[in-house]
Amino acid sequence: MKSYGITDIGLSRKFNQDYSLECDEPIGNLKNLYVVCDGLGGHNAGEFASSTAAESFFDFVEYSESKMPLSIFKEAVIKTNKKIYEAGQEPQYDGMATTLVAITVLGNTAYVVNIGDSRAYVVGRDGITQITLDHSYVAELVREGQLTRDEARFHKKNNVITRAIGAEATIKPDYFQVSLENDEILMLCTDGLYNMVSDMTIRSVVSSHNSLKAKAERLIDLANEAGGKDNIAVVLISK
């Protein structure tokens, strides 16, 4: 596997609370691992939540004795949530939490876990498909047919999430298993990208013949050109 990850503070935020980690080589019993987190909380709490969650998730994966990818993810996300929740009881980190989306690829299968509204996509010649389901107020309205996806992008409550790492002592992540074609590219990102850039534009950039680095940097530029209202994180993964 090969990958490229990048985060950007955007044009409106004082802190960058997005964080990504990428490993194209084996880590523990997984062949590779990619994680994106988007922290919540004032001042440095969100930064601490996202970076600590991503790094802790990697650590828990590395030392897991489980063999199956989704079992490893389940163990790691529960332990990560416990660590962030307990840290959040300290006054300086009160109210902090973070989204988390992670992916590993084994052969032609991608295994994904997510909690919150950071997303995983698969992009190929046939289009762009969101793998994950957002845990957010507006996503629930979309699923109920009360909003379109485009309306949700600009809704005043599109930053209200309903599940997050560290928000509660127990959590309910979603898990996915997706079959891949050889030429498809996987993408992890935060809402700072998909709320600023349309699916059609994302697909056009990711499907181009440029390098993963050039594609990811172009997506960051487009999000900022559209207003850069939030931090932005993008990880692109291909074989």
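Residues numbered from 1 in each chain as written. Predicted model: local features only at pLDDT ≥ 70, side-chain atom pairs only at ≥ 80, totals over all residues. Heavy atoms only, no water.

Caption draft 1: Seen up close, the overall build of the protein chain. Looking only at helices and strands, one finds seven helices and eleven strands in the protein chain. Expected size for 239 residues packed as a compact globule is a radius of gyration near 18 Å; at 17 Å, the protein chain falls within 12% of this value. Judged by the C-alpha coordinates and their principal axes, the protein chain covers about 45 × 40 × 35 Å. A buried classification covers 52% of the 239 residues belonging to the protein chain. Put simply, 68% of the contacts in the protein chain that link residues at least 6 apart link residues at least 24 apart. Within the structure as shown, the protein chain displays about 11,200 Å² of accessible surface, and the carbon and sulfur contribution to it stands at 48%. (Helix = DSSP H or I, 4+ residues; strand = E, 2+ residues; numbered from the N terminus. Rg over C-alpha atoms; globule rule 2.2 N^0.38 Å. Buried < 20%, exposed > 50% of the residue type's maximum accessible area, 1.4 Å probe, protein only. Contact = heavy atoms within 4.5 Å. Areas by Shrake-Rupley, 256 points an atom, 1.4 Å probe, with all protein chains shown as cover.)

Caption draft 2: View of the packing of aromatic side chains. Taken as a whole, this structure holds two aromatic pairs when the rule is applied. Geometrically, the ring pair formed by Phe57 and Phe73 is tilted, given 5.6 Å between the ring centres and 50° between the ring planes. In this pair, Phe57 sits in helix α1 (residues 45-62) while Phe73 sits in helix α2 (residues 69-87), placing the two residues 16 residues apart along the sequence. We classify Phe57 as buried; its relative accessible area is 0%. (Phe/Tyr/Trp six-rings, centres within 6.5 Å; stacked < 30°, edge-to-face > 60°.)

Caption draft 3: Expanded view of the pairing of strand β10 (residues 185-189). Extensive coverage of β10 is indicated by the burial of five of its five residues. Burial along β10 is two-sided: the face carrying Ile185, Met187 and Cys189 and the face carrying Leu186 and Leu188 are both buried. Bridging between strand β7 (residues 119-124) and β10 involves five bridges; their strand directions are antiparallel. Its bridge partner lying in β10, Val123 is registered against Ile185. When β10 meets strand β11 (residues 232-238), the two strands line up antiparallel, connected through four bridges. Among the inter-strand pairings, Leu186 is bridged to a residue of β11, identified as Ile237. (Pairing = 2+ DSSP bridges.)

Caption draft 4: Region of interest: α2. For α2, spanning 19 residues, the distance from its first C-alpha to its last is 27 Å, which sits close to the expected 27 Å at 1.5 Å a residue. Turning to α2, its buried residues are Pro69, Ile72, Phe73, Ala76, Val77, Thr80, Asn81, Ile84 and Ala87. Buried residues in α2, looked at end-on, bunch into an arc of 155°, giving them a common side. On the buried face of α2, the contacting elements are β3 (33-40), α1, β5 (100-106), β6 (109-115) and β9 (174-179). (Expected span 1.5 Å × (residues − 1). Arc of directions from axis to C-beta.)

Caption draft 5: Inspection of the sheet that holds strand β1 (residues 2-8) at higher detail. With antiparallel pairing, the five strands of this open sheet are ordered in space as β1-β11-β10-β7-β8. Strands at the two margins of the open sheet, each flanked by one partner only, are β1 and β8 (127-130). The average angle at which neighbouring strand axes cross in this sheet is 20°, direction not considered. This element, helix α7 (residues 212-225), spans β1, β10 and β11 of the sheet and lies at about 25° to β1. (Axes fitted to C-alpha atoms, helices over the stretch in contact; angles between N-to-C directions.)

Caption draft 6: Molecular detail of α1. Over its 18 residues, α1 runs 25 Å from end to end, which matches the ideal 26 Å to within 8%, given 1.5 Å per residue. Regarding α1, the residues found buried are Ala45, Gly46, Ala49, Ser50, Ser51, Thr52, Ala53, Ala54, Ser56, Phe57, Phe58 and Val61.

Caption draft 7: The packing of helix α6 (residues 199-206) against α7, seen in detail. Contact pair α6 / α7: the axes reach a minimum separation of 9 Å and the direction vectors enclose 150°. It follows from the interaxial angle that α6 and α7 lie roughly antiparallel. Seen from above, α6 lies across α7 with right-handed handedness. Here α6 contributes Thr201, Ile202, Val205 and Val206 to the contact with α7, which in turn contributes Lys215, Arg218, Leu219 and Leu222. Split by residue class, the contact of α6 with α7 holds five nonpolar, one polar and two charged. (Parallel < 35°, antiparallel > 145°, perpendicular 65-115°, else oblique. Left-handed = near helix turned anticlockwise from the far one by under 90°. Nonpolar A, V, L, I, M, F, W, Y, C, P; charged D, E, K, R; others polar.)

Caption draft 8: Geometry of the nonpolar core. Residues Leu33, Val35, Phe57, Val61, Phe73 and Leu100 are the most contacted members of the largest nonpolar core, which totals 27 residues. The set of elements that each furnish at least two residues to this core consists of β3, α1, α2, β5 and β6. Here this core takes seven residues from α1, the largest share from any one element. Apart from residues lying up to four places away in sequence, Val35 is in contact with Tyr19, Ser20, Leu21, Ala54, Phe57, Phe58, Leu100, Val101, Ala102 and Leu188. (Core = buried A, V, L, I, M, F, W, Y, C linked by side-chain atoms within 4.5 Å.)

Geometric descriptors of this kind do not, in isolation, establish any biological role.
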